[in-house]
Amino acid sequence: MSSSSSCNTLPDSPELETRNWLNLPPDVTSMILLKLGVIEILFRAQFVCTKWWRICEDPGMWRIIDMRIKGLDYLNYINVMTFMCRLAIDRSCGQLVDITLERFAGNDLLKYIVNSTPHLRRLRLVICYGISDQVMSEAAKKLPLLEELDNSFGSNSTVALEAIGQSCPLLKSLKFNRAYRHRFMQDRDNEALAIAKTMPELRHLELNGNQLTNDGLVAILDGCPRLESLNLRRCFNLDLRCSLGKRCEEQIRDLRLPYTVPAVDLRIDSDLDEDDVGFYYDLAFTLIENSVEDAYEF
């Protein structure tokens with residue numbers, strides 16, 4: 001019987017190599033570090049060694065910034081997230097082209113962003129209630145290269161939309177999603193009319209939970225002839241069981257209809273009667289009331 005030592009040893013096997021991560025090329029190291037995200041880099045990774053510190057100071061590392069707060073206690077982290085975001089923007093040295101902020105951006109931070117970079121092409125401000133129409137309108141004037149904007153579940157109105165459309169001629173994608181509330185509102189089509197009037201180059205539009213009526217939708221179809229995708233989920237003031245619904249299906253390649261809920265999609269040729277429609281309306285509305293975040297596809 002052979003000894004246990006001979007069983008655990010392969011005579012021709014190569015010795016295990018010890019890898020030194022510091023010997024990786026800088027571009028490979030930067031790709032790995034980028035997977036960590038802004039917070040991990042600024043709090044931990046950059047302090048590992050001198051080489052990583054230098055890589056983390058490279059403006060190219062900060063062309064894209066993605067910072068989001070999760071959880072119900074997000075208010076406790078707004079100040080530190082704002083501070084870290086400013087550090088990341090400073091590191092970009094004006095090369096920032098894409099920034100995503102969730103739950104903590106306010107007027108001062110938005111001003112800081114637009115004053116720090118002239119090259120921003122993608123801006124996502126999700127659940128950021130602290131941004132006023134006035135500041136958003138002024139910021140838009142400094143974003144002439146902006147192509148994608150997500151301003152969902154915030155507090156901005158038609159005033160900001162018009163300013164964005166007038167100041168950002170290259171805008172191709174807009175997400176202006178809202179949590180639907182079953183209430184009477186005057187001027188339900190104001191936002192739709194602002195989009196139709198000022199954003200003719202739009203290819204992608206999301207108006208989840210908007211209050212627009214058929215008149216507003218017609219204006220969008222007329223004013224934004226290049227639209228390829230249109231999200232109208234939970235836009236419950238629309239009635240697409242008519243020629244307008246047929247036009248939407250013919251004109252828009254990727255169309256999300258108002259009454260799209262689990263296991264049912266009320267197309268224009270649906271056989272559902274008014275009672276069925278009312279049932280699914282109530283179901284969809286209940287889903288939204290339970291959670292705003294569940295109504296939005298992050």
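Every value quoted in this text rests on a predicted model; they were computed, and no experiment measured them.

Details of the pairing of strand β2 (residues 98-102)
Counted residue by residue, β2 has 5 buried out of 5 residues, so it is predominantly covered. Both faces of β2 are covered, namely the face carrying Asp98, Thr100 and Glu102 and the face carrying Ile99 and Leu101. After leaving β2, the chain enters helix α6 (residues 107-116) and then returns to the sheet as strand β3 (residues 122-126), a path that is right-handed.

Some remarks on unusual backbone geometry
A positive phi angle, near 50 degrees, is found at Cys93, a position not held by glycine. Within the secondary structure, Cys93 sits in the loop between α5 (78-92) and β2. For Phe153, which is not glycine, the phi dihedral falls at a positive 55 degrees. Here Phe153 shows up in the loop between β4 (148-150) and α8 (158-167).

Thoughts on the pattern of salt bridges
A full pass over the atoms with the stated rule returns 16 salt bridges. Where Arg226 meets Glu201, a salt bridge forms, and the shortest distance between an N and an O atom there is 3.4 Å. In this pair, Arg226 is assigned in the loop between α10 (214-223) and β7 (229-231) and Glu201 in the loop between α9 (190-198) and β6 (204-206), connecting sequence segments 25 residues apart. By relative accessible area, Arg226 is classed as partly exposed at 44%. Counted as one network, the salt bridges with shared partners bring together Asp66, Arg68, Lys70 and Glu102.

What about the pairing of strand β1 (residues 64-68)?
By the alternation rule, side chains of β1 split into Ile65 and Met67, which are all buried, and Ile64, Asp66 and Arg68, of which none is buried. Pairing of β1 with β2 involves 5 bridges; the strand directions are parallel. Bridge assignment links Ile64 to a residue of β2, and that residue is Asp98.

Details of the packing of aromatic side chains
On inspection of all chains with the given rule, the structure shows 2 aromatic pairs. Between the aromatic rings of Phe47 and Trp53, the centroid separation amounts to 5.8 Å while the plane-to-plane angle is 35 degrees, which identifies the pairing as tilted. What makes Phe47 exposed here is its relative accessible area of 53%. The exposure class of Trp53 is partly exposed, given its relative accessible area of 31%. Ring centres of Phe236 and Tyr259 lie 5.3 Å apart, and the angle between their planes is 40 degrees; this geometry places the pair in the tilted category. Of this pair, Phe236 sits in the loop between β7 and α11 (243-251) while Tyr259 sits in the loop between β8 (254-256) and α12 (274-290), placing them 23 residues apart in sequence. When sorted by exposure, Phe236 lands in the same class as Tyr259, which is buried.

So, the side chain of Arg124
Turning to its location among the elements, Arg124 is positioned in strand β3. A polar contact is formed between the side chain of Arg124 and the side chain of Asp150, at a distance of 3.2 Å.

Basis of the calculations
Residues numbered from 1 in each chain as written. Predicted model: local features only at pLDDT ≥ 70, side-chain atom pairs only at ≥ 80, totals over all residues. Heavy atoms only, no water. Buried < 20%, exposed > 50% of the residue type's maximum accessible area, 1.4 Å probe, protein only. Helix = DSSP H or I, 4+ residues; strand = E, 2+ residues; numbered from the N terminus. Right-handed = clockwise from strand over helix to strand, strands pointing away. Salt bridge = Lys/Arg side-chain N within 4 Å of Asp/Glu carboxyl O. Pairing = 2+ DSSP bridges. Phe/Tyr/Trp six-rings, centres within 6.5 Å; stacked < 30°, edge-to-face > 60°. Polar contact = N/O pair within 3.5 Å; in protein donor to acceptor, adjacent residues only side chain to side chain.

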